[in-house]
Amino acid sequence: MVHMFLNGGGMKGGNLHHLIGGAPFLGPATTLPLYRLHSVGDDHPALQPAPEGQGAAIQGELYDIDLTVLRTNLLPAEPADLELGVVGMADGTEALGMRLRDDCAHLPELIDITHHGSWRAYRATTDPTT
């Protein structure tokens, strides 16, 4: 089991949540203020390491996920512009998390939504049913 920071479809109520195999929910979580958050075509969020001094803390959820479930269920369902990486958490720990691939940093469909602080907060401004 490993700690996994989820900030998009894998969170409670998200379209990928069923793929985490009942992983124990460890609670809400916040990253260190080292990241930018993007909407990729209003389809999914993408966490990106920020240049020094330009990051913000991003909110999500932390789960204790089985590596087999991660490898066989969740990772194959993640968008191709994301990759598994290590995310620094506000409490000083680290967790796995999905991050924007470096070669996708200039996709035209990226919208910087960092100022919202989370995918849910952003979606609440674009879709009143979320």
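See the structure shown above.
Residues numbered from 1 in each chain as written. Predicted model: local features only at pLDDT ≥ 70, side-chain atom pairs only at ≥ 80, totals over all residues. Heavy atoms only, no water.

Novice: Sorry if this is basic, but what is going on with helix 2 (residues 119–126) here?
Specialist: Think of an α-helix as 3.6 residues a turn; residues three or four steps apart then line up on the same face. Buried within helix 2 are the following residues: Trp119, Tyr122 and Arg123. The buried residues of helix 2 occupy one face: seen down the axis, they fall within an arc of 100°. The inward-facing, buried residues of helix 2 contact strand 3 (35–40), strand 4 (44–49) and strand 8 (110–112). (Buried < 20%, exposed > 50% of the residue type's maximum accessible area, 1.4 Å probe, protein only. Helix = DSSP H or I, 4+ residues; strand = E, 2+ residues; numbered from the N terminus. Arc of directions from axis to C-beta. Contact = heavy atoms within 4.5 Å.)

Novice: When you look at helix 1 (residues 67–77) in this model, what are you seeing that I'm missing?
Specialist: Regarding helix 1, the residues found buried are Val69, Leu70 and Leu74. In an axial view of helix 1, the angular spread of the buried residues amounts to 90°, which keeps them on one side of the axis. Exposed positions of helix 1 whose direction lies more than 90 degrees from the buried face are Arg71 and Pro76. For helix 1, the secondary structure elements touched by its buried residues are strand 1 (2–6), strand 5 (59–65), strand 6 (82–88) and strand 7 (94–100). In this structure Asp66 caps helix 1, since a side-chain oxygen of it lies 2.9 Å from the backbone nitrogen of Thr68. (Polar contact = N/O pair within 3.5 Å; in protein donor to acceptor, adjacent residues only side chain to side chain.)

Novice: What is the right way to read the environment of Asp91 from this model?
Specialist: Locating Asp91 in the fold gives a position in the loop between strand 6 and strand 7. For Asp91, a relative accessible area of 59% translates into the label exposed. Polar contacts involving the side chain of Asp91 include one to the side chain of Thr93, which spans 2.6 Å.

Novice: What's the story with the packing of aromatic side chains in this structure? I'm lost.
Specialist: Each aromatic ring pair is summarised here by two numbers: the centre-to-centre distance and the angle between the ring planes. Evaluated as defined, the whole model comprises two aromatic pairs. Aromatic pair Trp119 and Tyr122: ring centres 5.8 Å apart, planes at 35°, arrangement tilted. Here Tyr122 and Trp119 lie together in helix 2, a separation of three residues that amounts to about one turn. On the accessibility criterion, Trp119 (9% relative accessible area) is buried. The class for Tyr122 is buried, based on a relative accessible area of 7%. In this structure, Lys12 is placed above the aromatic ring of Phe25, and the distance from its NZ or CZ to the ring centre is 3.7 Å. (Phe/Tyr/Trp six-rings, centres within 6.5 Å; stacked < 30°, edge-to-face > 60°. Lys NZ or Arg CZ within 6 Å of the ring centre and 35° of its normal.)

Novice: Would you mind going over the nonpolar core with me for this structure?
Specialist: The nonpolar side chains of a soluble globular protein tend to be buried with one another. Core analysis: the biggest nonpolar cluster contains 20 residues, and Met4, Leu6, Ile20, Ile65, Leu70 and Leu74 have the highest contact counts within it. Of all the elements in the fold, those that place two or more residues in this core are strand 1, strand 5, helix 1 and strand 7. Each residue touching Ile20, except ones within four places of it in the same chain, is listed here: Leu6, Gly10, Tyr63, Ile65, Val69 and Leu74. One finds Ala29, Tyr35, Met89 and Tyr122 within the second-largest nonpolar core, a separate group that totals 13 residues. (Core = buried A, V, L, I, M, F, W, Y, C linked by side-chain atoms within 4.5 Å.)

So, to be careful, I would describe these as geometric facts and stop short of saying anything about function.
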